[in-house]
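# Residue-level structural notes
These are the residues of each chain, in order.
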Amino acid sequence: YARSVRRHHVGGDRAAPLRAEPVADALPVERAARHVYAKSAALCFNWSETRQGERTITIDVAPALGESGYAWRDKAQFQLTVGELAELTALLLHPGRSLRFVHQSSSLKTLTLTYQAPTCLFSLAIGPRVLRVPVGPIDQFLVRNFLIARLAVTQGLPAALVLRSLDVLASQLPAAPS
């Protein structure tokens with residue numbers, strides 16, 4: 001983990017050398033990506049910035065190459081807006097709902113999250129090409145925490161406050177269809 005530090009003079013003596021102490025609430029910045037692997041494809045959640053300089057997440061989806069790995073050179077990408085990042089994280093904290101984000105750039109891109117207890121199915125469609133990755137409970141936990149850390153950095157807030165804000169957001173989103 002990269003650590004934030006406070007520098008102070010040893011013993012309060014201005015002539016003494018500076019000593020660095022870790023800040024208790026420092027967030028890890030070393031892990032800038034979180035991967036989820038499945039038989040058909042893999043997901044990679046990457047810390048990124050929008051063209052406007054907002055901190056967010058880009059999701060890479062690479063098709064499987066059978067037993068020999070994943071075609072990361074043939075990956076599809078979807079960059080979340082900051083609002084989409086918050087909504088995705090809120091829904092991962094409160095499973096049961098689905099979401100769909102649509103972006104029109106050089107091609108139509110659709111990211112869909114469908115909850116199929118206890119798995120979340122991530123689907124990324126770019127034109128006719130669709131890549132799907134089921135994400136089980138353990139990977140949901142790891143991805144959720146990764147996204148919360150990014151939101152804390154993005155918003156400049158402690159993770160506990162981000163969690164409370166995400167709870168409020170989740171309560172404001174439309175209910176899952178019955």
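Just so it is clear, the model here is predicted, and its values are computed rather than measured. (Residues numbered from 1 in each chain as written. Predicted model: local features only at pLDDT ≥ 70, side-chain atom pairs only at ≥ 80, totals over all residues. Heavy atoms only, no water.)

### Structural notes on helix H3 (residues 159-172)
An α-helix turns once per 3.6 residues; consequently, residues spaced three or four apart project the same way. For H3, built from 14 residues, the straight-helix expectation of 20 Å at 1.5 Å per residue is met to within 8% by its first-to-last C-alpha distance of 20 Å. Along H3, the residues that are buried comprise Val162, Leu166 and Ala170. Summarising the axial view, the buried residues of H3 lie within an arc of 80°, below the 170-degree limit, and thus occupy one face. Of the exposed residues in H3, those oriented more than 90 degrees away from the buried face are Ala160, Arg164, Ser171 and Gln172. (Helix = DSSP H or I, 4+ residues; strand = E, 2+ residues; numbered from the N terminus. Expected span 1.5 Å × (residues − 1). Buried < 20%, exposed > 50% of the residue type's maximum accessible area, 1.4 Å probe, protein only. Arc of directions from axis to C-beta.)

### Digging into the sheet that holds strand E7 (residues 99-104)
Spatial strand order, E7-E8-E9-E10: four strands in an open sheet with antiparallel pairing. In this open sheet, the two strands that pair with only one neighbour each are E7 and strand E10 (129-135). If you compare each strand with its neighbour and ignore which way they point, the axes differ by 10° on average. When E7 meets strand E8 (residues 108-116), the two strands line up antiparallel, connected through six bridges. Each bridged residue has a counterpart across the sheet, and for Arg100 the counterpart in E8 is Thr112. Across the sheet, helix H1 (residues 82-93) lies against E7, E8 and strand E9 (119-126), angled at about 160° from E7, the strand it touches most. Each of E8, E9 and E10 touches helix H2 (residues 137-155); the most contacted strand, E10, lies at about 100° to it. (Pairing = 2+ DSSP bridges. Axes fitted to C-alpha atoms, helices over the stretch in contact; angles between N-to-C directions. Contact = heavy atoms within 4.5 Å.)

### Quick word on the packing of H1 against H2
Close contact between H1 and H2 brings their axes to 10 Å; oriented N to C, the two are set at 140°. In this view, H1 runs oblique relative to H2, as classed from their interaxial angle. When you trace H1 past H2, the crossing you get is left-handed. Listed contacts from H2 to Val82, Leu85, Ala86, Leu88, Thr89, Leu92 and Leu93 of H1 are Val143, Arg144, Leu147, Ile148, Arg150, Leu151, Thr154 and Gln155. In the contact of H1 with H2, the residues fall into 10 nonpolar, three polar and two charged. (Parallel < 35°, antiparallel > 145°, perpendicular 65-115°, else oblique. Left-handed = near helix turned anticlockwise from the far one by under 90°. Nonpolar A, V, L, I, M, F, W, Y, C, P; charged D, E, K, R; others polar.)

### Details of the packing of aromatic side chains
Under the criterion given, the structure shown has four aromatic pairs. The rings of Tyr37, Tyr70 and Trp72 are connected pair by pair, giving a single aromatic cluster. (Phe/Tyr/Trp six-rings, centres within 6.5 Å; stacked < 30°, edge-to-face > 60°.)

### Regarding H2
With 19 residues, H2 extends 26 Å from end C-alpha to end C-alpha; this agrees with the ideal 27 Å at 1.5 Å per step. If you check which residues of H2 are buried, you get Gln140, Val143, Arg144, Phe146, Leu147, Ile148, Ala149, Arg150, Leu151, Ala152 and Val153. Where H2 ends, the next residue or the one after it, Gly156, has phi of about 65°, a positive value.

### A closer look at the packing of H1 against H3
Between H1 and H3, the shortest axis-to-axis distance is 9 Å and the interhelical angle comes to 85°. With respect to each other, H1 and H3 are oriented roughly perpendicular. In this structure, H1 uses Ala86, Glu87, Thr89, Ala90 and Leu93 to contact H3, whose residues at the interface are Leu163, Leu166, Leu169 and Ala170. Looking at side-chain class alone, the contact of H1 with H3 contains seven nonpolar, one polar and one charged residues.

### Digging into the pairing of strand E3 (residues 33-37)
Residue alternation in E3 divides its side chains into a buried set, Arg34 and Val36, and an unburied set, Ala33, His35 and Tyr37. Both E3 and strand E4 (residues 41-49) contribute to a ladder of five bridges, which runs antiparallel. Across the sheet, Ala33 pairs through a bridge with Asn46, a residue of E4. Where E3 hands over to E4, the hairpin turn is made up of three residues, counted between the paired strands.

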